[in-house]
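# Structure at a glance
Next come the chains, spelled out residue by residue.
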Amino acid sequence: MKFTDMDMLQDYEKDTRMAAIAYSLLETEIIDPDLRKIMGKAAATAANSQGKFSNLILRKGDRP
């Protein structure tokens, strides 16, 4: 199976979306404030990356 550049962009966008969700869920389960802060930052970073790739995909005329 051959993947196009768009397939790879969409796959990465999906992975960062799932990472943002997972980090957000983990953050709610953590009691330690320092670790909770790290998980919150990881969730925000993943969401930021997802947003950038989602916008790139939309600009290229496809759907994330």
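Before reading on, note that the structure itself is shown above.
Read on for an overview of the structure. Computed from a predicted structure; not experimentally measured. (Residues numbered from 1 in each chain as written. Predicted model: local features only at pLDDT ≥ 70, side-chain atom pairs only at ≥ 80, totals over all residues. Heavy atoms only, no water.)

## Some points on the packing of aromatic side chains
Applicable threshold: Working definition: rings of Phe, Tyr and Trp (its six-membered ring) pair if their centres are within 6.5 Å, and the pair is stacked with planes under 30 degrees apart, edge-to-face with planes over 60 apart, and tilted otherwise. Under the DSSP-based scheme used, a helix requires at least four consecutive residues in state H or I and a strand at least two consecutive residues in state E, with every element numbered from the N terminus. Only protein chains enter the accessibility calculation, which uses a 1.4 Å probe; a residue is then buried when its area is under 20% of its type maximum, exposed when over 50%, and partly exposed in between.
Applying the stated rule across the entire model yields one aromatic pair. Consider the rings of Tyr12 and Phe53, whose centres lie 4.5 Å apart with planes at 55°: the pair is tilted. Here Tyr12 is found in helix 1 (residues 5–29), whereas its partner Phe53 is found in helix 2 (residues 33–59), with 41 residues between them in sequence. Classification of Tyr12 by relative accessible area gives partly exposed; the value is 38%.

## Comments concerning a nonpolar patch on the surface
Put simply, the test is: Each patch is assembled from residues with relative accessible area greater than 30% and no salt bridge, linking like charges that lie within 9 Å and nonpolar side chains (Val, Leu, Ile, Met, Phe, Trp, Tyr) that lie within 5 Å. Every accessible area reported is derived by Shrake-Rupley at a probe size of 1.4 Å, with residue values counting cover from the shown protein chains alone. Salt bridge criterion: a side-chain nitrogen from Lys or Arg within 4 Å of a carboxyl oxygen from Asp or Glu.
Residues Met1, Phe3 and Met8 make up a contiguous nonpolar surface patch of about 440 Å² in total accessible area. Within the secondary structure layout, Met1 lies in the segment before helix 1.

## Section: the side chain of Ser49
The line we're drawing: Only heavy atoms enter the contact rule, under which two residues are in contact if any of them lie within 4.5 Å.
Within the fold, Ser49 resides in helix 2. By relative accessible area, Ser49 is classed as buried at 18%. Every residue in contact with Ser49, bar those within four places of it in the chain, is listed here: Tyr12 and Thr16.

## Re the environment of Phe53
Phe53 gets classed as partly exposed once you look at its relative accessible area, which sits at 25%. Between the C-alpha atom of Phe53 and that of Gln10, which follows or precedes it by 43 residues, the distance is 8.0 Å. Setting aside residues no more than four positions away along its own chain, Phe53 makes contact with Leu9, Tyr12 and Glu13.

## With respect to the side chain of Gln50
Secondary-structure assignment places Gln50 in helix 2. Ignoring any residue separated from it by four or fewer positions in sequence, one finds Gln50 in contact with Glu13, Thr16 and Arg17.

## Brief notes about the environment of Arg36
Tracing the backbone through its elements, the reader meets Arg36 in helix 2. Put simply, Arg36 and Tyr23 are 13 residues apart on the chain and 9.7 Å apart in space, counted from C-alpha to C-alpha. For Arg36, the contacting residues outside a window of four places in its chain are Glu27, Thr28 and Ile30.

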